[in-house]
Amino acid sequence: MQATSPLAEEVDAVIHERTRLAMVAALATREQMSFAELKSALRATDGNVSAHARKLEDAGYIVATKRFEGRVPRTEYALTGDGRKALNAYLAQMERLIGSMRAI
């Protein structure tokens, strides 16, 4: 049985998008990050952070916790176990792809 080529592997489109990959990578380094911290780290707009966070939440890769500090709303994001698995699988896939391209 022949091994599957890294080029034939299906890429996780949820994580593969640049901003979502950056969000997941940032969250992998910390227990949680606030909306403002993610926005700053990604140099993204409120709308971009919200839209991409929603996609990651829908996939079960991150979880959002909303609360108030006084009267100010605060949203914090954390990577889920499934999100960490998806990131590790994505990184392994990219490493296989890079390795196969270097072998050419």
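Residues numbered from 1 in each chain as written. Predicted model: local features only at pLDDT ≥ 70, side-chain atom pairs only at ≥ 80, totals over all residues. Heavy atoms only, no water.

1. Things to note about the pattern of salt bridges
Part 1 of the reasoning: In total, this model carries 6 salt bridges according to the counting rule given.
Part 2 of the reasoning: Measuring nitrogen to oxygen at the nearest pair gives 3.1 Å for the salt bridge that ties Glu-69 to Arg-67.
Part 3 of the reasoning: When its relative accessible area of 40% is taken as the criterion, Glu-69 is described as partly exposed.
Part 4 of the reasoning: When its relative accessible area of 37% is taken as the criterion, Arg-67 is described as partly exposed. (Salt bridge = Lys/Arg side-chain N within 4 Å of Asp/Glu carboxyl O. Buried < 20%, exposed > 50% of the residue type's maximum accessible area, 1.4 Å probe, protein only.)

2. Focus: the side chain of Thr-19
Part 1 of the reasoning: For Thr-19, the location among the structural elements is in helix 2 (residues 18–28).
Part 2 of the reasoning: Apart from the residues lying within four places of it in its own chain, the contact partners of Thr-19 are Leu-42 and His-52. (Helix = DSSP H or I, 4+ residues; strand = E, 2+ residues; numbered from the N terminus. Contact = heavy atoms within 4.5 Å.)

3. Re the nonpolar core
Part 1 of the reasoning: Counting 21 residues, the largest nonpolar core has Met-23, Leu-27, Leu-38, Leu-56, Ile-62 and Tyr-77 as the members making the most contacts within it.
Part 2 of the reasoning: Those elements that provide at least two residues to this core are helix 2, helix 3 (35–42), helix 4 (46–58), strand 3 (72–79) and helix 5 (81–102).
Part 3 of the reasoning: The contact partners of Leu-56, leaving out residues within four places of it in the chain, are Val-14, Arg-20, Met-23, Val-24, Tyr-61 and Ile-62. (Core = buried A, V, L, I, M, F, W, Y, C linked by side-chain atoms within 4.5 Å.)

4. Some words on the pairing of strand 2 (residues 62–69)
Part 1 of the reasoning: In this structure, strand 2 lies alongside strand 3, joined through 8 bridges in antiparallel fashion. Residue pairing across strands places Ile-62 opposite Leu-79, the latter belonging to strand 3.
Part 2 of the reasoning: Taken together, strand 2 and the strand that follows it, strand 3, pair antiparallel across an intervening segment of 2 residues, in which Gly-70 is found at a positive phi of about 70 degrees. (Pairing = 2+ DSSP bridges.)

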